[in-house]
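As a plain string of letters, each chain reads:
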Amino acid sequence: MPEGKIVKALSGFYYVSTNGRIIQCRGRGVFRKRKVSPLVGDFVEFQAENDLEGYILAIEERKNELVRPPIANVDQAILVFSAARPEFSTALLDRFLVLIESKQIEPLICITKMDLLNEEEEAAIDCYAADYRSFGYEVILTSSENLATLAELRVHLEGKTSVFAGQSGVGKSSLLNALKPELSLKTDDISDSLGRGKHTTRHVELINVENGLVADTPGFSSLELTEIEAEDLPQYFPEMVERSHNCKFRGCLHINEPKCAVKAAVENGEIPSYRYEHYLQFMDEIKERKPRY
Ligand SMILES: Nc1nc2c(ncn2[C@@H]2O[C@H](COP(=O)(O)OP(=O)(O)OP(=O)(O)O)[C@@H](O)[C@H]2O)c(=O)[nH]1
Ligand SMILES: [Mg+2]
Ligand SMILES: [Zn+2]
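Keep in mind that this is a model prediction, so the values were computed, not measured.

This part covers the site of ligand 1. Near ligand 1 there are 22 residues, and of these D115, S144, S168, S174 and T201 occur at the shortest range. Residue S144 places a main-chain N or O atom 2.8 Å away from an oxygen atom belonging to ligand 1. D188 is positioned such that a nitrogen or oxygen atom in its backbone is 3.3 Å from an oxygen atom of ligand 1. Burial of ligand 1 by the protein chains amounts to 90% of its free accessible area of 660 Å². With respect to the detected pockets, ligand 1 is housed in the largest pocket. Split by residue class, the shell around ligand 1 holds three nonpolar, 13 polar and six charged.

Right under this line is the structure:
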C-alpha cells in the first residue's frame with residue numbers, strides 16, 4: 001500500500017506527498033464513523049488510480065495533534081504575535097502557551113512587525129521578551145520588512161516540522177513570503193476599524209523552508225481551554241514548576257495555600273503580576289466550565 005504525508009487540506013481534498021509527487025485524495029467514510037478526520041501532517045496509507053483520484057485508507061498514529069490550528073505531528077509551534085496591529089497581548093500569548101505546553105509541543109515565540117514601533121514601544125516589547133525568556137521560552141523579534149531580522153528564525157526552522165500559529169493579521173504568511181519569496185502567499189491588510197486581521201489564509205499547508213517544513217495556517221480569534229484540568233494548570237507554567245518544590249504543600253495550586261513559593265515570587269516581582277493574573281483567570285475559567293456528560 002503506498003504511503004505518504006498530507007501536506008494540504010482544502011475543500012474536502014487531502015493532498016498527499018509521496019516520492020516527490022502530490023496525490024489529490026479524498027477521505028473514506030470510515031474516518032467519519034470513527035470520528036477521526038485526517039489532518040495535515042498525518043502519515044497515511046492511500047490508494048490511487050492516478051494523481052487526482054486517490055483515497056486515504058488509514059491514518060498512522062500521531063505523535064501529537066492540535067485543534068487550532070488543525071495539524072498533526074509537529075516538532076515545534078511558532079507562536080506568532082505582532083508587536084502592533086493587532087496589538088500585542090500577553091493574555092492571548094499565555095493562553096496559547098498553556099495549550100501548547102499541555103500537548104507537550106515545543107513552543108517558540110515570534111513577535112513580528114517590530115518595524116512599526118517607536119523607541120518607547122520597542123522598549124516595552126523588549127521587557128515582555130525578557131519576561132518570557134526568564135520563564136524559559138525562546139523569543140525572537142522580527143519584521144518581515146527587514147530581512148536581517150529573520151536570520152534567527154531560519155536557524156530554528158532547519159530540519160524540523162513547524163507550525164505558524166497566531167491571530168489573523170499578525171503576519172504569518174508574510175513571514176513565510178519573506179523567508180521564501182517565490183511562495184507569493186496571499187496576505188492582506190488588517191481592518192483599520194476593528195484592528196483585526198481579515199482571515200486571509202483559509203487552509204493549512206506544509207511548505208518546504210530551510211530543509212524543514214513549515215505550516216501556514218488560518219488565524220483564529222479565540223482559544224478555549226476545554227481540555228485542561230484545574231489540577232494540571234500549574235504544570236503548564238514553567239516558572240511555577242521550577243518553584244513548586246519550595247511550596248510547603250505538595251500539589252500546591254499557588255492560590256490560597258500558605259508558604260507558597262510561587263506567590264512569594266509574584267510578591268517580590270520575580271514572576272510578573274500579569275502572568276500570575278492570567279493564571280488565576282484561566283483557573284476560574286476552567287472551574288466554571290460546565291461538566292461534560
Ligand atoms: N509593517 C509590517 N507589516 C507587516 C509585517 N508582517 C506583516 N505585515 C502586514 O500585516 C498584514 C497581515 O499580514 P498577513 O501575513 O496576511 O497575516 P496572517 O497572519 O497571515 O493573517 P491570516 O492569514 O488572516 O491569519 C499585511 O498587510 C502585511 O503586509 C511586518 O513585519 N511589518
Ligand atoms: Mg495568512
Ligand atoms: Zn505554591
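What follows covers the domain arrangement of the protein. Taken domain by domain, the protein comprises domain 1 (3–61), domain 2 (66–216) and domain 3 (230–288). Each of domain 1 and domain 3 was reduced to a C-alpha centroid, and the two centroids are 43 Å apart.

The next thing to look at is the nonpolar core. In this structure, I71, Y132 and L233 are the most contacted members of the largest nonpolar core, which totals 68 residues. If sequence neighbours within four positions are ignored, Y132 has contacts with T90, L93, D94, L97, I109, Y137, V139, Y274 and R275. Listed in part, the 18 residues of the second largest apolar core include C110, L150, L175 and V214.

Glancing now at the UniProt feature "domain: CP-type G" (unreviewed entry) in the protein. The positions that UniProt labels "domain: CP-type G" (unreviewed entry) are, in the present scheme, residues 63–223. Between the C-alpha atoms that bound residues 63–223 there is a distance of 22 Å. The span itself is 27% helix and 23% strand.

Within the first shell, the magnesium ion (ligand 2) binds the protein through S173 (OG) and T201 (OG1), at distances of 2.0 to 2.1 Å. With S173 in helix α5 (residues 172–179) and T201 in the loop between α5 and β12 (204–209), this residue pair connects regions lying 28 residues apart in the sequence. S173 gets classed as buried once you look at its relative accessible area, which sits at 7%.

With that settled, the discussion passes to the coordination of the zinc ion (ligand 3). Those protein atoms acting as donors to the zinc ion (ligand 3) are C247 (SG), C252 (SG), H254 (ND1) and C260 (SG), and they sit at 2.1 to 2.4 Å. Coordination at the zinc ion (ligand 3) is tetrahedral: its four donor atoms span angles of 104 to 115 degrees at the metal. Spacing between the donor residues of the zinc ion (ligand 3) along the chain follows C-x4-C-x1-H-x5-C. Relative accessible area serves as the criterion here: at 8%, C252 is assigned to the buried category.

What sets the pattern is the α-helix's 3.6 residues per turn: residues three or four places apart point alike. Here helix α8 (residues 273–288) contains 16 residues, and its C-alpha end-to-end distance of 23 Å stays within 8% of the 22 Å for a straight helix at 1.5 Å per residue. Listed in full, the buried residues belonging to α8 are Y274, R275, Y276, H278, Y279, F282, M283 and I286. In this structure, the buried side of α8 is in contact with α2 (90–102), α3 (119–134), α6 (238–244) and α7 (261–267).

A few words now on unusual backbone geometry. What is expected of a backbone is that most residues other than glycine have negative phi and most peptide bonds are trans. In this chain, R68 is followed by P69 through a cis amide linkage whose omega measures -5 degrees. Here P69 is to be found in the loop between β6 (65–66) and β7 (71–72). Note that the residue after R85, namely P86, is joined by a cis bond; omega there is -15 degrees. When you line up the elements, P86 lands in the loop between β8 (76–82) and α2. With phi around 55 degrees, Q104 is a residue other than glycine that occupies positive phi space. Tracing the chain through its elements places Q104 in the loop between α2 and β9 (106–112). The backbone phi angle of H199 is positive, close to 50 degrees, even though this residue is not glycine. Turning to its location among the elements, H199 is positioned in the loop between α5 and β12. For H199, a relative accessible area of 30% puts it in the partly exposed group.

Glancing now at the pairing of strand β11 (residues 161–165). Consecutive side chains of a regular strand alternate in pointing toward one face of the sheet and then the other. With five of its five residues buried, β11 lies for the most part within the structure. Side chains T161, V163 and A165 of β11 all project onto a buried face; the interleaved residues S162 and F164 project onto the opposite face, where all are buried too.

Reading guide: rules and limits
- Residues numbered from 1 in each chain as written.
- Chains lettered and ligands numbered in written order.
- Predicted model: local features only at pLDDT ≥ 70, side-chain atom pairs only at ≥ 80, totals over all residues.
- Heavy atoms only, no water.
- Near = heavy atom within 4 Å.
- Polar contact = N/O pair within 3.5 Å; in protein donor to acceptor, adjacent residues only side chain to side chain.
- Areas by Shrake-Rupley, 256 points an atom, 1.4 Å probe, with all protein chains shown as cover.
- 1 Å grid on protein atoms, 1.4 Å probe; cavity = no way out; pocket = protein on both sides within 12 Å on 5 of 7 lines; lining within 4 Å.
- Sits in = over half its atoms within 2 Å of the grid points.
- Nonpolar A, V, L, I, M, F, W, Y, C, P; charged D, E, K, R; others polar.
- Domains from an automatic or database assignment.
- Core = buried A, V, L, I, M, F, W, Y, C linked by side-chain atoms within 4.5 Å.
- Buried < 20%, exposed > 50% of the residue type's maximum accessible area, 1.4 Å probe, protein only.
- Contact = heavy atoms within 4.5 Å.
- UniProt positions renumbered as here; feature names shortened; annotations may be inferred.
- Helix = DSSP H or I, 4+ residues; strand = E, 2+ residues; numbered from the N terminus.
- Donors = N, O, S within 2.8 Å, 3.2 Å for Na, K, Ca; no water.
- Tetrahedral: all angles 85-135°; square planar, octahedral: opposite > 155°, others 65-115°.
- Expected span 1.5 Å × (residues − 1).

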